[in-house]
Amino acid sequence: MATASEIAAVGVIGAGQMGSGIAQLAAAAGCAVLLLDADSAALSRAVASISASLRRLAAKGQLSQASCEDSIKRIRCVSTVQDLRDADLVIEAIVENEDVKKKLFVELDKITKPSAILASNTSSISITRLASATKRPSQVIGMHFFNPPPIMKLIEIIRGADTSDEVCAAVKSFSERLGKSVICSQDYPGFIVNRILMPMINEAFWALYTGVATKEDIDTGMKLGTNHPMGPLQLADFIGLDVCLSVLRVLHNGLGDNKYSPCPLLVQYVDAGRLGKKRGLGVYPYAQKSSSVKPKSSL
């Protein structure tokens, strides 16, 4: 199994905002990065976004021009799981769906070298259950990055029932190599951050749903009254209302407590395709995208 210093090649699966941000971090830390997505257009957008982000850092003097260009060159776009066979660490950042993730982990277990560590960027799904789909459960771990990964300082590491001490130590050291602070959670529904955050977001929806106050006053109350950088309803829009709903359902099902039951207003917004900033409309409208929405969406 690779130690933190031996993690030289990192596979990242999913070229969306999370995957591209993780790829940027790994490349800037000196790793060869294999960025995998079946959608070639998504890969093109990811490379353009990563390049622009790194060049902005260079323009601000936070990264040398040489390091910037070297980091960009370290990223190679690939289209099949087989291309990850030599990766030391694979981090998946795909749809937040347990069945889809399990299917991917089965493939990765067959293709990657025996020493490879397999990590999930899941924000709520059981690492133990994902690991059970493989023949290397001791080498499966959760690495929960926060959006956007290059800016947010935290990585939440989640240890499955069989994750080894060595893998935990290697992933913690690697996370610190990326310049992140690390917190460690046992494999309980929602882990640490979402276990606390999602009930607050859900309660904000209940306050809106029952007419306690306007969305603006709810958010202003939490910003100015508790010194949060943004209110819970706006934050939900930035996370994605579909993601919030998914996490709440995991909490509700996993912990069996009705206090985690999603507010009907949140369910209604997701059913209507009002998924938040990424769709141009959630609790609030976002002018940079069309306000037209689609009724269906993946997480």
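Residues numbered from 1 in each chain as written. Predicted model: local features only at pLDDT ≥ 70, side-chain atom pairs only at ≥ 80, totals over all residues. Heavy atoms only, no water.

1. A short note on the overall build of the protein
Of regular secondary structure, the protein possesses 11 helices and eight strands. Projected onto its principal axes, the C-alpha positions of the protein cover 55 × 45 × 35 Å. Here the protein, with 299 residues, has 47% of them falling under the buried criterion. Long-range pairs, those at least 24 residues apart, make up 64% of the contacts in the protein between residues at least 6 apart in sequence. (Helix = DSSP H or I, 4+ residues; strand = E, 2+ residues; numbered from the N terminus. Buried < 20%, exposed > 50% of the residue type's maximum accessible area, 1.4 Å probe, protein only. Contact = heavy atoms within 4.5 Å.)

2. A word on the pattern of salt bridges
Tallied over the entire structure, the rule returns 11 salt bridges. Its salt-bridge partner being Glu98, residue Arg129 comes within 2.8 Å of it at the nearest N-O pair. Here Glu98 lies in helix H4 (residues 98–111) and Arg129 lies in helix H5 (residues 127–131), a separation of 31 residues in the sequence. Across the pair Arg159 and Asp165 runs a salt bridge whose closest N-O atoms are separated by 2.3 Å. (Salt bridge = Lys/Arg side-chain N within 4 Å of Asp/Glu carboxyl O.)

3. Some remarks on the UniProt feature "domain: 3-hydroxyacyl-CoA dehydrogenase C-terminal" (unreviewed entry) in the protein
Per the UniProt record, the feature "domain: 3-hydroxyacyl-CoA dehydrogenase C-terminal" (unreviewed entry) sits at residues 190–286. Split by type, residues 190–286 is 62% helix and 0% strand. Its first and last C-alpha atoms lie 28 Å apart. (UniProt positions renumbered as here; feature names shortened; annotations may be inferred.)

4. A few points about the side chain of Thr112
By the secondary structure assignment, Thr112 is in the loop between H4 and strand E5 (117–120). On the basis of relative accessible area, Thr112 is assigned to the buried category, the value being 5%. Reaching out from Thr112, the side chain makes a polar contact with the backbone oxygen of Leu108 at a distance of 2.6 Å. Within the structure, the side chain of Thr112 is placed 3.1 Å from the side chain of Arg136, a separation counted as a polar contact. Setting aside anything within four residues of it in sequence, one finds Thr112 in contact with Leu84, Arg85, Val90, Leu118 and Arg136. (Polar contact = N/O pair within 3.5 Å; in protein donor to acceptor, adjacent residues only side chain to side chain.)

5. Quick look at the packing of helix H7 (residues 193–209) against helix H8 (residues 215–226)
One can describe the packing of H7 onto H8 by two numbers: an axis separation of 9 Å at closest approach and a directional angle of 140°. The way H7 lies across H8 gives a crossing that is right-handed. Residues Met200, Ala204, Ala207 and Leu208 of H7 lie in contact with H8, whose contacting residues are Lys215, Ile218 and Met222. Of the residues in the contact of H7 with H8, the class split is six nonpolar, no polar and one charged. (Axes fitted to C-alpha atoms, helices over the stretch in contact; angles between N-to-C directions. Left-handed = near helix turned anticlockwise from the far one by under 90°. Nonpolar A, V, L, I, M, F, W, Y, C, P; charged D, E, K, R; others polar.)

6. A few points about the sheet that holds strand E2 (residues 32–36)
The strand order across the open sheet formed by eight strands is E3-E2-E1-E4-E5-E6-E7-E8, and the pairing between neighbours is mixed. Looking at which strands have only one partner, the edges of the open sheet turn out to be strand E3 (75–78) and strand E8 (181–186). Across the sheet, the mean angle from the axis of one strand to that of its neighbour is 25°, orientation sign disregarded. Running over the sheet, helix H1 (residues 17–28) touches strand E1 (9–13), E2, E3, strand E4 (89–92) and strand E6 (140–145) and is turned about 170° from E2. Lying over the sheet, H4 contacts E1, E4, E5 and E6, oriented at roughly 165° with respect to E5. (Pairing = 2+ DSSP bridges.)

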